[in-house]
Amino acid sequence: MTPLLEVVGLTTTFPVGPRRVPVVDGVSFSIAEGEVFALIGESGSGKSQTALSLLRLVPKPGRIEGGQVRLGGREISSLPVPAMRRVRGHDLSMIFQEPMTSLNPVVRVGSQVVEAIRLHERISASAARDRALSLFKKVQIPDASSRLDAYPHELSGGLKQRVMIAMALATNPRVLIADEPTMALDVTIQAQILELLRELQQEFRMSILLITHDFGIVNELADHIGVMYAGRIVETGPRQALLASPRHPYTQGLLASMPARAVRGQPLHEIAGVVPPLSKWPPGCRFCTRCPRVLPQCETVWPEVLEVGPGHTVYCHAVREDVAAAAKRA
Amino acid sequence: MSEARTNEARAGEARGKPEGASEALLDVRGLRTWFPIRRGLLRRTAGYVRAVDGVDIALVRGTTHALVGESGCGKTTVGRSILRLVEPTAGEIWFGGQNLLGLSPDAMRPLRRRMQMIFQDPMTALDPRFRVRDLIAEGMESFGIGGNAADRTERVAAILRKVKLDPDHMWRYPHEFSGGQRQRVGIARALAVEPDLVICDEAVSALDVSIQAQILNLLAELRAELGLTYLFITHDLSVVRYLADEISVMYLGQIVEQGPTEALLNEPRHPYTEGLMAAVPSVDPNERRIRPAVLGDLPSPAHPPAGCRFHTRCPKRFEPCDKREPALYPLERGGASRCFLVSDSRDSRSP
């Protein structure tokens, strides 16, 4: 089966002093139709910049240096700007973590959804309003018809995020990119929104690129996971394999440091140190400065991809040595 | 601890120093903090936001008590009221054998040293114009700890070592530190005046998982080493399960459930606690569990619903819930729940 969205070698740089540093560095992944793919990483890992890069919305002074993005087999990374704009509204939609930054505070939310619809489709204002109403119902906004006339500040955080989702769904996108869609929400409201995304995804067989720092959200929603660290994907795999038997020392460390996986009274696992600043990213594996299993080659050579299970790949010299040693014993 | 930290149980108690106060470092009773809503030209009071509306909490010395709830529940206002950073409307706050709310500012001063706070965002809590040495020494100076400046610098170095920062960095400014390091500075600043009670207000919420683990471990070490007592204000149940001894769950200004951590989380007895727990995503790949078990949105704290404040969102509401206000009913498993379902069950010892 050909993937619906395929990203190959995506690279985006930002200037740091005299140099340009690849904050997204050769990132590759693919998402099948109806699949939820989660990019997980801590702050500064490049997960949000990856999403902006594939939409070609990287803010200046960032620059996309290379890579391909294919949607349904069609190359979209080299499209002229107007065509790309159509793709963005139509086939790829995005919802952001803070709905207030994406909603115009002085325009009624219904009008904003109507505008989004009419930007991409030639339909009458009243037909667009009907569509907006049915979208509001679809995302389970209570009292939908009166909420169309509300201003953003009159809505709670959860309702604003539902409006954003309604707007993103307005053009029946094939891929929804959700960047920390519940970051600003309380946990009970987060549960409502995650449930909604789950239902919508199943109903429309929509593909979702989910960007998050939260392994819990990933586990609840994703089919496939890519773990990012300092601009690179270090491990990808099916949800169960990756969460049950993570192979990269970073993934292992992250999962082990979660209080939810810890035993009371015992110290939490710590990953030593912090993510190095952009100006000090090592040339080899970027995790080498914090890795408990660091080898001499880690500091200079980026590891080749290694398949450790069906669809489960890892970039790590130490894991490669483990696998080689196991093969020798066998 | 289990029995009767409730209004009912206390009704007959004399209004004096509470019994068992030697065990409780902090005993908050009937705390109310209302904020006036002012309207019009004359700024007349048009009503009150009842941010904290009758809260009882007792903290056992050397333990961690978690105050859990979502935004708008009043948990932060409880913390700020205890330190009198906001002035409570009513209630008693017993600390070190004295009711803080009866004390003059002068009498309050020595007690203030013994209660410190760690904030969510150390960047807003640390004045960016001061060097770390001065930020940490500031409290020492105002409470007369350390003989002179050189002595205080020594003490700052010792505290920085304690929070695992390089003492040489005391001459740097806050912006030269990472988020995790800044939180260590915030902790050092709180510990500099040798407090007994530390109120941690979402102290690890803004941190990445790997940094959060470092800070949680540090807080646990410091508690053991210095015999600290923590009031841990948070929305994160997985952190609570890991480190708290006792839990109070707040909703719209009131405590809806209290109890020892294990008992409360293994056997929640309030629908809001159940809903909170059902909303926490699982990190076990064999289990996907979240359910949206709390309906709709939070009502305005200025106009809390009549009856049980949770009834508008409760999946288990029944006949009395929108008419009468439930009390905190003690539970056999320890703690208490503000739910009629508990008052009607055999579990309850109240009438």
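Residues numbered from 1 in each chain as written. Chains lettered and ligands numbered in written order. Predicted model: local features only at pLDDT ≥ 70, side-chain atom pairs only at ≥ 80, totals over all residues.

Side note on the overall build of chain B
Part 1: Along chain B, the regular secondary structure elements total 12 helices and 12 strands.
Part 2: In summary, chain B has a C-alpha radius of gyration of 21 Å against a globular reference of 20 Å for 351 residues, a match within 12%.
Part 3: C-alpha extents for chain B along the principal axes are approximately 65 × 55 × 50 Å.
Part 4: Per-residue burial for chain B yields a buried fraction of 46% across its 351 residues.
Part 5: Here the analysis covers contacts within chain B between residues at least 6 apart in sequence; of these, 62% occur between residues at least 24 apart. (Helix = DSSP H or I, 4+ residues; strand = E, 2+ residues; numbered from the N terminus. Rg over C-alpha atoms; globule rule 2.2 N^0.38 Å. Buried ≥ 20, exposed ≤ 12 C-beta atoms within 10 Å, placed from the backbone. Contact = placed C-beta atoms within 7 Å.)

A word on the nonpolar core
Residues and elements named next belong to chain A.
Part 1: In terms of nonpolar packing, the biggest core is built from 188 residues, with Ala 38, Val 113, Ala 166, Leu 209 and Leu 210 touching the most fellow members.
Part 2: For this core, the element with the highest residue contribution is helix 7 (residues 157–169), accounting for 8 residues.
Part 3: If near-sequence neighbours (up to four positions away) are discounted, Leu 210 is found in contact with Val 36, Phe 37, Ala 38, Ala 178, Leu 221 and Ala 222. (Core = buried A, V, L, I, M, F, W, Y, C linked by C-beta atoms within 7 Å.)

As for the sheet that holds strand 4 (residues 63–71) of chain A
Hydrogen bonding along the main chain pairs the strands of a sheet, whether they run parallel or antiparallel.
Residue and element names in this part refer to chain A.
Part 1: Taking strand neighbours across the sheet as the criterion, the 4 strands line up as 2-1-4-5 in an open arrangement whose pairing is antiparallel. Bordering the open sheet on either side are strand 2 (19–31) and strand 5 (74–75), each of which pairs with just one other strand.
Part 2: With 10 bridges connecting them, strand 1 (residues 5–16) and strand 2 associate as antiparallel partners. Bridging from a neighbouring strand, Thr 11 pairs with Asp 25 of strand 2. (Pairing = 2+ DSSP bridges.)

Quick word on the sheet that holds strand 7 (residues 197–201) of chain B
All names here are of chain B.
Part 1: Read across the open sheet, the 8 strands follow the order 6-7-8-3-9-10-12-11; overall the sheet is mixed. Where the open sheet ends on each side, the last strands, each with one partner, are strand 6 (115–118) and strand 11 (329–330).
Part 2: Looking at chain direction, strand 3 (residues 64–68) and strand 8 (residues 229–234) are connected through 5 bridges and run parallel. The residue bridging Thr 64 from the neighbouring strand is Tyr 230, located in strand 8.

Some remarks on the environment of Trp94(B)
Residue and element names in this part refer to chain B.
Part 1: Its place among the elements puts Trp 94 in strand 4 (residues 90–95).
Part 2: On the neighbour-count criterion, Trp 94 (19 C-beta atoms within 10 Å) is partly exposed.
Part 3: The sequence separation of Trp 94 and Ala 24 amounts to 70 residues, and the corresponding C-alpha distance is 8.9 Å.

Looking at unusual backbone geometry
What is expected of a backbone is that most residues other than glycine have negative phi and most peptide bonds are trans.
Part 1: A cis geometry characterises the amide bond from Lys60(A) onward to Pro61(A), with omega recorded as 5°.
Part 2: Within the secondary structure, Pro61(A) is located in the loop between helix 1 (47–54) and strand 4.
Part 3: For Asp143(A), which is not a glycine, the phi torsion comes out positive at approximately 60°.
Part 4: Here Asp143(A) is to be found in the loop between helix 5 (125–138) and helix 6 (144–147).
Part 5: Its 9 C-beta neighbours within 10 Å are what place Asp143(A) among the exposed residues.
Part 6: The phi torsion at Lys164(B) lies on the positive side, around 65°, for a residue other than glycine.

Notes on the packing of helix 5 (residues 132–142) of chain B against helix 7 (residues 179–191) of chain B
Residues and elements named next belong to chain B.
Part 1: Axis separation between helix 5 and helix 7 bottoms out at 7 Å; the angle between their running directions is 30°. Accordingly, the angle class assigned to the pair helix 5 and helix 7 is roughly parallel. Along its contact with helix 5, which presents Val 132, Leu 135, Ile 136 and Gly 139, the element helix 7 presents Val 185, Ala 188 and Arg 189.
Part 2: Of the residues assigned to the contact of helix 5 with helix 7, the class counts are 5 nonpolar, 1 polar and 1 charged. (Axes fitted to C-alpha atoms, helices over the stretch in contact; angles between N-to-C directions. Parallel < 35°, antiparallel > 145°, perpendicular 65-115°, else oblique. Nonpolar A, V, L, I, M, F, W, Y, C, P; charged D, E, K, R; others polar.)

Side note on the interface of chain A and chain B
Part 1: At the junction of the two partners, chain A supplies 39 residues and chain B supplies 31 residues.
Part 2: Residue contributions to the side of chain A that touches chain B peak at 7 residues, all from helix 8 (residues 187–204) of chain A.
Part 3: Its residues assigned to classes, the side of chain A that touches chain B shows 17 nonpolar, 13 polar and 9 charged.

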